[in-house]
Amino acid sequence: MSHPSPLARPFPALPRIGGVALRVSRAGYKPWERADLTLATLAEGTSVAGVLTRSRCPSPEVEWCRSALPLGRARALVVNAGNANAFTGNRGRAAVEAIAARVARELGCQPSDVFVASTGVIGVPLPIDKAESGLAAAFATPEASWQAAAEAIGTTDTFAKGAMTQAVVDGRIVTLVGIIKGSGMIAPDMATMLGFIFTDAAAEPAFLHAALRDASDATFNCITVDGDTSTSDTVLAFATGAAGNAVLRDHDSSGADAFRAALGDLCRILAQLVVRDGEGARKFITVAVSGAESDASARRIGLAIANSPLVKTAIAGEDANWGRVVMAVGKAGEPAERDLLSIRFGDTEVARGGMVVEGYDEAPVAAHLQGGEIDIGVDLGLGEGRATVWTCDLTHGYISINADYRS
C-alpha cells in the first residue's frame, strides 16, 4: 500500500470469530509483490446476507452472488484484488464458475455455497490459471490475521480497514468483525466497494438480510468520494452461529435490537473509514441536513452538497465559500425555500433567512476549515426530515491517482 492517507486510522486488534478461517495468497493478478487473493472458509450452517450494486453493468461476481444469496447459506468467500473481472463476457463468468467449483470440491459443498468478489481494473478477464493457483496456495497456507485479509483485498487503498462491535443476544455476547476496501469510485447505490462482515451470532438469513439492508441504507448509502458507483460494489454478512445464542429470526427475537444496533455501528465505522481513504483526501467532511420535508429528501440534499466539485475543492483550498453550499442545495431538485435556509460551518452560523448573518465574522470559519475534520450543517426549515452524509475534499491527488490507475 502507498503512503497512508493523512486521515487514516490504525488497524484495530480484532478477535477471532468462531467458524471463520482466513487465508491469503499471491495469485499475481498484477505485477505486485503482495497477497491479492483472500479465502475465508466458514463453518457448516453459516447464514449469509448481502447488498449488491444496482449498476446496470455489474460484474459476473455480483451476478453470481445475487443468484446464490436467496439460498441463504455459505461455506466460503473468495476475494480477488487487482482485477474487477467486469465487462468480460463469458470468459468472466467462466472464471467465477471455476473459482466456485474449485473451492466447493475442496470443502465438499455446493458451488452456490461459495461467494466470490473481485475488484480492480474493468474490462480484463480474470485469469483462471492464476485464480486456481492462488487458491491452491491459499488452502496450503496457515490461517491469516484480519489485518492481512484487509490488506489483501485493497487496490488503491492506502491503509487496511477493519472494525468490531459486540452485542448481548439471548444473554450471550456476540461479536461482529468487518473488513472493507474502498478509496475511489465511491458513491454507493446499495453498499460500498467490497465489504465483508463476520459474526458468531446465530441468525436466520432473512433477519440478517433485513438488518444489513437497514444498516447499509444509513451508512454505506450515505458516503461519497467522487460520485461514481462501481460495477462490483458488494457487502456480504456471514453469521456462523458459534456464539450459541437462540437464533435471531425476526425483530421480536431476544437481542434483535441490540444486534441491529451493533451491526449499524459497525457499518458506520467501516463506511467512514472508506471516506477517510478517499483518493487524495486531506479532509473528512460531515454534512448534516435537517429541517427537510423527509429523511430521503434530506439525504439527497446532503449528497448534492457532498458530491459538488465546487464545494469539495473550496474545502480543499480552505475557502469559506458558503455560497457553494447554497448552490448545491438549490440544484438538488428537492423542496427548499431560500428564505428559510440556514447554513453553518463548524459551530458558526454563516447564513440565515436567505442572506449572510448580520455581523458575520469569517475568521472562526477559516480556522475550522484549516483542520482535518470539517462539519457543514444545513437546515431547510421545512419539516422534520434529517440525514447525515460523509465525504472528503477533492484535491489534485485524486486526479493523479486516477490518471495513472492502469499504469
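The coordinates are above.
Nothing here was measured: the structure is a model prediction, and the numbers come from that model. (Residues numbered from 1 in each chain as written. Predicted model: local features only at pLDDT ≥ 70, side-chain atom pairs only at ≥ 80, totals over all residues. Heavy atoms only, no water.)

In the contact formed by helix 7 (residues 295-306) and helix 9 (residues 323-331), the axes pass within 8 Å of each other and the chain directions differ by 135 degrees. Considering their axes alone, helix 7 and helix 9 lie oblique with respect to each other. Crossing of helix 7 over helix 9 shows right-handed handedness. Contacts between helix 7 and helix 9 pair Ile301, Ala304 and Ile305 from the former with Val325, Ala328, Val329 and Lys331 from the latter. In the contact of helix 7 with helix 9, the residues fall into six nonpolar, no polar and one charged. (Axes fitted to C-alpha atoms, helices over the stretch in contact; angles between N-to-C directions. Helix = DSSP H or I, 4+ residues; strand = E, 2+ residues; numbered from the N terminus. Parallel < 35°, antiparallel > 145°, perpendicular 65-115°, else oblique. Left-handed = near helix turned anticlockwise from the far one by under 90°. Contact = heavy atoms within 4.5 Å. Nonpolar A, V, L, I, M, F, W, Y, C, P; charged D, E, K, R; others polar.)

Its 14 residues give helix 5 (residues 205-218) an end-to-end C-alpha distance of 20 Å, which sits within 8% of 20 Å, the value for a rise of 1.5 Å per residue. Those residues of helix 5 that fall on the buried side of the exposure criterion are Pro205, Phe207, Leu208, Ala210, Ala211, Leu212, Ala215 and Ser216. Tucked into the core, helix 5 has its buried residues touching strand 2 (37-52), strand 3 (73-83), strand 7 (194-199), strand 8 (234-239) and helix 6 (256-276). (Expected span 1.5 Å × (residues − 1). Buried < 20%, exposed > 50% of the residue type's maximum accessible area, 1.4 Å probe, protein only.)

Counted by the stated rule, this structure contains zero disulfides. Cysteine Cys109 shares no disulfide, and the gap to the nearest cysteine sulfur, in Cys65, comes to 14 Å. A relative accessible area of 12% places Cys109 in the buried class. No disulfide involves Cys222; its nearest neighbouring cysteine sulfur is the one of Cys267, lying 12 Å away. Assessed through its relative accessible area of 5%, Cys222 is described here as buried. (Disulfide = S-S within 2.5 Å.)

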